[in-house]
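Descriptive structure summary
What follows is the residue order along each chain.
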Amino acid sequence: MSFPSSVRLVEVGPRDGLQNEPEPIDTATKLALIDRLGLAGIRHIEAASFVSPKWVPQMADHREVMNGLERREGITYSALTPNLKGLEAALECGAEEVAVFGAASETFSQKNINCSVAESLERFAPVLERAKQANVRVRGYVSCVLGCPYEGEIAPDKVAKVSKALFEMGCYEISLGDTIGTGTPLKAKRMLEAVAKEIPMAKLAAHFHDTYGQALANLYAVLEEGIAVIDSSVAGLGGCPYAKGASGNVASEDVVYLINGLGIKSGIDLDALAATGHWITQTIGRPNRSKVGVALSKK
Ligand code: HMG
Ligand code: MG
């Protein structure tokens, strides 16, 4: 049990955050947000989602976003692609990394992507194959790793099984999603231990939502286990349109403050990040859910 010396933050605010807004946010604001996050030192930004605009209208401008990016050196701009149709569109827009997203819960899989877990894996196989041909890396998400809005408790071995399938299919990293934020630290540790029996810790990421205010505690627990990749969302924006009541991801500012305090490096400028969180929440008229962001903006 020891903390990693550095952590890579994957900023998911422009996707996981803005996908949940009641009204779509204009493309120019999304692009400004993404650029400000990059300038604050974030090196991996999930910028868009190539899903059906009927299912998630907030992400309908995925092409405009990916084509409009001011691509800065050293930054990965990734996008969600649930199927080949999404992948082909993302490739046309120059995506250098994409993500497929599955679940450890059957019911959530049906509600989120309209197919069973087994069918989702069948859909992802050609996505991984085509991405490989195009030299594009694929990340794999597993949702509901610490609970499901429809099924309740999810056994760690279910999480391990889907994660292993995605990893063996060629996903370079598996992001473990506490989609509805019901996890607690011991549960998070046990789930991670089950997954880490199948996949090296260095290939795993923690993607925690903060619905019950446990996300930072859960992160502390998995950092102790050796997790070194954390997904977060500036100002704690977001939720999931297919997980009613789920609040946003853990706030990026709060994560950076936590890891700074632990002496873990991230390369991120906390003041610039907090200013970005303040700016986006003011611009879209939403509350700033980052306690650190709010405290710093009052200074
Ligand atoms: P489907 O209806 O089963 O698919 O949807 P289909 O192949 O039968 O196609 C139906 C229609 O969608 C057709 O259009 C297709 O062209 C279109 P129509 O003929 O009706 O006009 N379509 C597409 N359009 C654009 N891009 C595409 C695409 N694919 C089909 N890629 C599908 C299956 C997956 C597309 C649908 O269920 C969907 O879009 N779901 C969205 C799910 C979503 O975005 N959820 C939120 C993200 S996941 C998340 O937030 C969790 C995460 O953060 C981790 C965590 O916290 O746990 C990642
Ligand atoms: Mg999420």
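Since the structure is predicted, the reported quantities are computational estimates derived from the model, not experimental observations.

1. Things to note about the environment of Val250
By secondary structure assignment, the location of Val250 is in the loop between strand E8 (229–232) and helix H10 (252–261). C-alpha separation for the pair Val250 and Gly285, spaced 35 residues apart in sequence, amounts to 19 Å. Residues in contact with Val250, not counting those within four places in the same chain, are Phe208, His209, Asp210, Ala215, Leu216, Leu219, Asp231, Ser232, Ser233 and Val255.

2. Observations regarding the pattern of salt bridges
Side chains bearing opposite charge may pair, as long as their charged atoms lie close to each other. One pass over the structure, following the stated rule, counts 17 salt bridges. The salt bridge involving Glu46 is made with Arg15; its shortest N-O contact spans 2.6 Å. Of this pair, Glu46 sits in strand E2 (residues 44–49) while Arg15 sits in helix H1 (residues 13–17), and the two are 31 residues apart along the sequence. By relative accessible area, Arg15 is classed as buried at 6%. Residues Lys164 and Glu168 are paired through a salt bridge, measuring 3.9 Å at the closest nitrogen-oxygen approach. Separated by four residues within a single helix, Lys164 and Glu168 lie in helix H7 (residues 156–169), roughly one turn from each other.

3. Structural notes on the packing of helix H5 (residues 106–113) against helix H6 (residues 117–133)
Between H5 and H6, whose axes approach to 9 Å, the crossing angle comes to 50°. Relative to H6, H5 is oriented oblique. Counting all contacts with H5, which are made through Glu106, Ser109 and Ile113, the residues of H6 involved are Val117, Ser120, Arg123 and Phe124. Looking at the contact of H5 with H6 residue by residue, the classes come out as three nonpolar, two polar and two charged.

4. A closer look at unusual backbone geometry
For residues other than glycine, phi is negative in most cases, and the peptide bonds are mostly trans. In this structure, Asn114 is a non-glycine residue whose phi angle is positive, near 65°. Summarising the element assignment, Asn114 is placed in the loop between H5 and H6. Even without being a glycine, Cys144 presents a positive backbone phi close to 65°. Within the fold, Cys144 resides in the loop between strand E5 (137–143) and H7.

5. What about a negative patch on the surface?
Together, Glu106, Glu119, Glu122 and Glu151 line one region of the surface with negative charge. The exposed category is assigned to Glu122, whose relative accessible area is 60%.

6. Observations concerning the coordination of the magnesium ion (ligand 2)
The coordination sphere of the magnesium ion (ligand 2) contains the protein donors Asp16 (OD), His207 (NE2) and His209 (NE2), at a distance range of 2.0 to 2.3 Å. Within one chain, the residues donating to the magnesium ion (ligand 2) are spaced in sequence as D-x190-H-x1-H. Highlighted residues: Asp16 in helix H1 and His207 in strand E7 (residues 204–208), separated in sequence by 191 residues. Like His207, Asp16 is buried.

7. Describing the nonpolar core
Judged by nonpolar contacts, the single largest core of 92 residues is most densely connected at Met66, Val159, Leu166 and Leu176. When residues of this core are assigned to their parent elements, the largest contribution, six residues, is made by H6.

8. Focus: the pairing of strand E1 (residues 8–11)
Where E1 and E8 come together, four bridges link them in parallel fashion. Each residue of the ladder has a partner; that of Leu9, found in E8, is Ile230. Both E1 and E2 contribute to a ladder of two bridges, which runs parallel. Across the sheet, residue Val10 finds its bridge partner in E2, namely His44.

9. Considerations on the environment of Ile113
As for its position among the elements, Ile113 is in helix H5. Placed 29 residues apart in sequence, Ile113 and Val142 show a C-alpha to C-alpha distance of 12 Å.

10. Examining the site of ligand 1
Taken together, 28 residues lie around ligand 1, and Phe50, Asn83, Asn112, Ser143 and Thr179 are the ones closest in. A distance of 2.9 Å is found between an oxygen atom of ligand 1 and a side-chain nitrogen or oxygen belonging to Lys54. In the environment of ligand 1, an oxygen atom lies 3.0 Å from a nitrogen or oxygen atom belonging to the side chain of His207. Considered on its own, ligand 1 offers 1,100 Å² of accessible surface; in the complex 76% of this is hidden by protein. Within the residue set of the shell around ligand 1, elements represented by two or more residues are H1, helix H4 (84–92), H5 and E5. Looking at the shell around ligand 1 residue by residue, the classes come out as 12 nonpolar, 11 polar and five charged.

Conventions used here
Residues numbered from 1 in each chain as written. Chains lettered and ligands numbered in written order. Predicted model: local features only at pLDDT ≥ 70, side-chain atom pairs only at ≥ 80, totals over all residues. Heavy atoms only, no water. Helix = DSSP H or I, 4+ residues; strand = E, 2+ residues; numbered from the N terminus. Contact = heavy atoms within 4.5 Å. Salt bridge = Lys/Arg side-chain N within 4 Å of Asp/Glu carboxyl O. Buried < 20%, exposed > 50% of the residue type's maximum accessible area, 1.4 Å probe, protein only. Axes fitted to C-alpha atoms, helices over the stretch in contact; angles between N-to-C directions. Parallel < 35°, antiparallel > 145°, perpendicular 65-115°, else oblique. Nonpolar A, V, L, I, M, F, W, Y, C, P; charged D, E, K, R; others polar. Patch = residues over 30% accessible without salt bridge, like charges linked within 9 Å, V, L, I, M, F, W, Y side chains within 5 Å. Areas by Shrake-Rupley, 256 points an atom, 1.4 Å probe, with all protein chains shown as cover. Lys, Arg positive; Asp, Glu negative; His and termini not counted. Charge placed at Lys NZ, Arg CZ, Asp CG, Glu CD. Donors = N, O, S within 2.8 Å, 3.2 Å for Na, K, Ca; no water. Core = buried A, V, L, I, M, F, W, Y, C linked by side-chain atoms within 4.5 Å. Pairing = 2+ DSSP bridges. Near = heavy atom within 4 Å. Polar contact = N/O pair within 3.5 Å; in protein donor to acceptor, adjacent residues only side chain to side chain.

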